[in-house]
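# Summary of structural features
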Amino acid sequence: MISTRLYPVPSSTVSLPRARLRSPPIDFQRFRLRPISICCAISHGEDKGEHEKGMTYKDAGVDIDAGTELVRRIAKMAPGIGGFGGHFPFGDSYLVAGTDGVGTKLKLAFETGIHDTIGIDLVAMSVNDIVTSGAKPLFFLDYYATSKLDVDLAEKVIKGIVDGCKQSDCVLLGGETAEMPGFYAKGEYDLSGFAVGAVKKDELIDGKNIVAGDILIGLPSSGVHSNGFSLVRRVLESSGLSLSDNLPGNSGKPITIGEALMAPTVIYVKQVLDIISKGGVKGIAHITGGGFTDNIPRVFPDGLGAKIFTGSWEVLPVFHWLQQAGGIEDAEMRRTFNMGIGMVLVVTKDAADRILADSFVAAYHIGEVVQEEGVIFS
């Protein structure tokens, strides 16, 4: 049984700019689609030397390099991909679209029974991508698939999606519910989300005017967000701890490992759009799969890179525990996890001073743009 859910749109919904049929031909070089999100399940072929060399994302079944190679091949067929959202010319604006899931964080939702926030993660992964272009999210669509529809469970998940849409000030326009007997394990489901926003062409943030000396501002994350959970689960499996155990090294209020890992992804839309409105923002990177190492360079022109000031922000206890329990090397941590920074803004020095002086904005000066490609940690 497959059913489509469509919802009426409130009259207050932002209207899309109308396109003329005689508008210029679409420039497909302007299209920018985010690279593939990799969220494979745990591999059972464990390397005997894994604990001696430290766990890696690849050991857990996820090969970032393979994903990058696939994107390179896709780019030959669809030139212009590589950004965080796809840009579609529409009158004097761009429609900006993004799609994503929540990866194997779903496995922890099944194990912890925490289903009412996984929908927030789903919305966050797409709307955080499209806001990197300066686009305001307009509407969101979801896909919910399961073998046997549990209406009460599905309602909890959809409630989280509704909450996520409220946080990002967009409309849940509709969705798809697919019941596919025998396809998923009992009590399990899968999720995908799709967001569309809009930005005026002359207000598009594309990183083209970034120069050496620009400042990197980091916005704090709530935890692991929705990437790296294949490695998280491998670490948990080998640690001897359970999701109900308290998180080691957490000096604040006691929190279980399950609660720390299931903390919903921060939705940065309102905060980022407010910062953009005050000027000086040149580029934005959503720190998801690939961490600092792969995501920050995506917004730079050729020849530029990032120098990151390690120790300039608070690395959350969950990351310290993951690294210690898994024996994970620094480079692997930085390429897999957000390390406590979920969004990075590339801004002018004046804008940086203004953002950091704003007591209502939680932000860190985490680095600067340098005349050398790649990411350097100092």
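For the structure itself, look to the data block above.
Residues numbered from 1 in each chain as written. Predicted model: local features only at pLDDT ≥ 70, side-chain atom pairs only at ≥ 80, totals over all residues. Heavy atoms only, no water.

### Focus on the pairing of strand β7 (residues 215-220)
Of all six residues in β7, five are buried; the element is thus mostly enclosed. As paired strands, β7 and strand β11 (residues 364-370) are joined by four bridges and run antiparallel to one another. Note that in β11 the partner of I217 across the bridge is H365. (Buried < 20%, exposed > 50% of the residue type's maximum accessible area, 1.4 Å probe, protein only. Helix = DSSP H or I, 4+ residues; strand = E, 2+ residues; numbered from the N terminus. Pairing = 2+ DSSP bridges.)

### So, the packing of aromatic side chains
Summed over all chains, the structure comprises six aromatic pairs. Look at F110 and Y189: their rings are 5.0 Å apart centre to centre, the planes differ by 80°, and that puts the pair in the edge-to-face class. Of the two residues, F110 sits in helix α3 (residues 105-112) while Y189 sits in strand β6 (residues 189-200), which places them 79 residues apart along the sequence. For Y189, a relative accessible area of 3% corresponds to the buried category. Plain terms: the ring middles of F292 and W313 are 5.4 Å apart, the flat faces sit at 10° to each other, and that makes the pair stacked. Remark: W313 occurs in the loop between β9 (305-308) and α10 (317-326) and F292 occurs in helix α9 (residues 291-295); sequence separation between them is 21 residues. The class of W313 is buried, set by a relative accessible area of 10%. Connected via pairs of aromatic rings, a cluster forms that spans F110, Y144 and Y189. Across from the ring centre of Y94, 5.5 Å away, lies the NZ or CZ of K201, which sits over that ring. Above the ring of F84, the side-chain terminus of R298 is found at 3.8 Å from the ring centroid. (Phe/Tyr/Trp six-rings, centres within 6.5 Å; stacked < 30°, edge-to-face > 60°. Lys NZ or Arg CZ within 6 Å of the ring centre and 35° of its normal.)

### Focus on unusual backbone geometry
Residue H225 is not a glycine yet carries a positive backbone phi of 65°. Relative to the assigned elements, H225 resides in the loop between β7 and α6 (229-239). Looking at H225, the relative accessible area reads 2%, which means it is buried. Although it is not a glycine, M339 adopts a positive phi angle of roughly 60°. As for its placement among the helices and strands, M339 is situated in the loop between α11 (330-336) and β10 (341-347).

### Overview of empty space enclosed by the protein
Tallied over the full model, the rule gives one cavity of 30 Å³ or more. Roughly 40 Å³ of volume is contained in the largest cavity. V224, H225, N227, I287, T288, T336, F337 and N338 together form the lining of the largest cavity. A per-class count over the lining of the largest cavity returns three nonpolar, five polar and no charged. (1 Å grid on protein atoms, 1.4 Å probe; cavity = no way out; pocket = protein on both sides within 12 Å on 5 of 7 lines; lining within 4 Å. Points joined across faces, edges and corners; volume = space filled by probe spheres on them. Nonpolar A, V, L, I, M, F, W, Y, C, P; charged D, E, K, R; others polar.)

### Observations regarding the pattern of salt bridges
Here the idea is simple: oppositely charged side chains can pair when their charged atoms come close. A full pass over the atoms with the stated rule returns 10 salt bridges. A salt bridge links K282 to D214; its shortest N-O distance comes to 3.0 Å. With K282 in strand β8 (residues 281-286) and D214 in the loop between β6 and β7, the pair connects residues that are 68 residues apart, well separated along the chain. Each member of the pair, K282 together with D214, is buried. A salt bridge links R335 to D294, with the nearest nitrogen and oxygen atoms 3.1 Å apart. Of the two residues, R335 sits in helix α11 while D294 sits in helix α9, which places them 41 residues apart along the sequence. The class of R335 is partly exposed, set by a relative accessible area of 23%. Salt bridges here are not isolated pairs; linked through shared partners, they connect D274, K278 and D358. (Salt bridge = Lys/Arg side-chain N within 4 Å of Asp/Glu carboxyl O.)

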